Amino acid sequence: MDSAEFHSAVYHIVRQIPQQHVATYGNIARLVGMPHHARHVGQALKFLSPDVNPPVPWHRVLSSSGAISSRGPGTDGAARQAQELEAEGIEVIQTRSGELKVDLQRWGWNPEPGSIDINWS
DNA sequence: ATGATGACTTAAG
DNA sequence: TCTTAAGCCATCA
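Notes on the structure in this doc start here.

What counts, and at which threshold
Residues numbered from 1 in each chain as written. Chains lettered and ligands numbered in written order. Predicted model: local features only at pLDDT ≥ 70, side-chain atom pairs only at ≥ 80, totals over all residues. Heavy atoms only, no water. Near = heavy atom within 4 Å. Polar contact = N/O pair within 3.5 Å; in protein donor to acceptor, adjacent residues only side chain to side chain. Helix = DSSP H or I, 4+ residues; strand = E, 2+ residues; numbered from the N terminus. Nonpolar A, V, L, I, M, F, W, Y, C, P; charged D, E, K, R; others polar. Salt bridge = Lys/Arg side-chain N within 4 Å of Asp/Glu carboxyl O. Buried < 20%, exposed > 50% of the residue type's maximum accessible area, 1.4 Å probe, protein only. Axes fitted to C-alpha atoms, helices over the stretch in contact; angles between N-to-C directions. Parallel < 35°, antiparallel > 145°, perpendicular 65-115°, else oblique. Contact = heavy atoms within 4.5 Å.

### Observations concerning the protein's contact with DNA strand B
Moving on, step 1. In the vicinity of DNA strand B, 17 residues are found, and the nearest of them are Gly26, Arg39, Lys46, Ser64 and Ser69.
Moving on, step 2. When the atoms of DNA strand B within 4 Å of the protein are grouped by moiety, sugar and phosphate amount to 45% of the total.
Moving on, step 3. Interatomic distance of 2.9 Å between a side-chain N/O atom of Tyr25 and a base nitrogen of DNA strand B.
Moving on, step 4. The side chain of Lys46 places a nitrogen or oxygen atom 2.7 Å from a phosphate oxygen of DNA strand B.
Moving on, step 5. Counting residues per element, the ones that place at least two in the surface near DNA strand B are helix 2 (25-32) and helix 3 (38-46).
Moving on, step 6. In terms of residue class, the surface near DNA strand B is made up of 4 nonpolar, 9 polar and 4 charged.

Okay, structure coming up:
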């Protein structure tokens, strides 16, 4: 599986995250079959253009702690993601240190490995 | 070839 | 709940 296929696979899985649910980078990586590529899931999402069709609900992907990954100081990506999540009815809380997070126990999506469609092409 | 960089994760204290 | 440390691996300078 090359890079392009990996990206396609990631998009395919992310598109299956149901409304009002969130998944983690690591989980997506596992579902795609590359459990050590959590970081690259983020890379794939970064390359996403806003007008892809069908749309990819990138905002439903979080880190394993439930925190919305900061895109670096001075960026607004995290805040925009929080806004998308709230727009769909998912509760976003803020920690003392100012981190935005979602309660994975409540909103997390944990499909049985065999219960989802893996074939993207 | 080499070293730095991430929209990361897990374990430990 | 934080902070550190170590592991991870494609991409880039």
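What follows picks up the thread again.
### Describing the pattern of salt bridges
Moving on, step 1. This structure, assessed with the given rule, holds 2 salt bridges.
Moving on, step 2. A salt bridge links Glu91 to Arg106, with the nearest nitrogen and oxygen atoms 2.9 Å apart. Here the residue Glu91 occupies a position in the loop between helix 4 (77-87) and strand 3 (93-94), and Arg106 occupies one in helix 5 (residues 104-107), the gap between them amounting to 15 residues.
Moving on, step 3. Residue classification places Glu91 among the partly exposed positions, given a relative accessible area of 42%.

### Overview of the protein's contact with DNA strand C
Moving on, step 1. The local shell around DNA strand C consists of Ser3, His36, His37, Arg39, His40, Thr95, Arg96 and Ser97.
Moving on, step 2. Of all atoms in DNA strand C that approach within 4 Å of the protein, 73% are sugar or phosphate atoms.
Moving on, step 3. Within the side chain of Ser3, a nitrogen or oxygen atom sits 3.0 Å from a phosphate oxygen of DNA strand C.
Moving on, step 4. The side chain of Arg39 places a nitrogen or oxygen atom 3.4 Å from a base oxygen of DNA strand C.

### Overview of the packing of helix 1 (residues 3-14) against helix 3
Moving on, step 1. Direction vectors running N to C along helix 1 and helix 3 enclose 85°, while the axes themselves pass 10 Å from each other. Between helix 1 and helix 3, the angle is such that the two are roughly perpendicular. Residue-level inspection shows Phe6, His7, Val10, Tyr11 and Val14 of helix 1 in contact with helix 3, the latter providing His40, Val41, Ala44 and Leu45.
Moving on, step 2. When grouped by side-chain class, the residues that make up the contact of helix 1 with helix 3 number 7 nonpolar, 2 polar and no charged.

### Observations concerning the side chain of Glu88
Moving on, step 1. Structurally, Glu88 can be placed in the loop between helix 4 and strand 3.
Moving on, step 2. When its relative accessible area of 15% is taken as the criterion, Glu88 is described as buried.
Moving on, step 3. Here His59 takes part through its side chain, which lies 3.0 Å from a polar atom of the side chain of Glu88.
Moving on, step 4. Side chain to side chain, Glu88 and Arg60 meet in a polar contact 2.7 Å long.
Moving on, step 5. Among residues more than four places away in sequence, those in contact with Glu88 are Gln19, Gln20, His21, His59 and Arg60.

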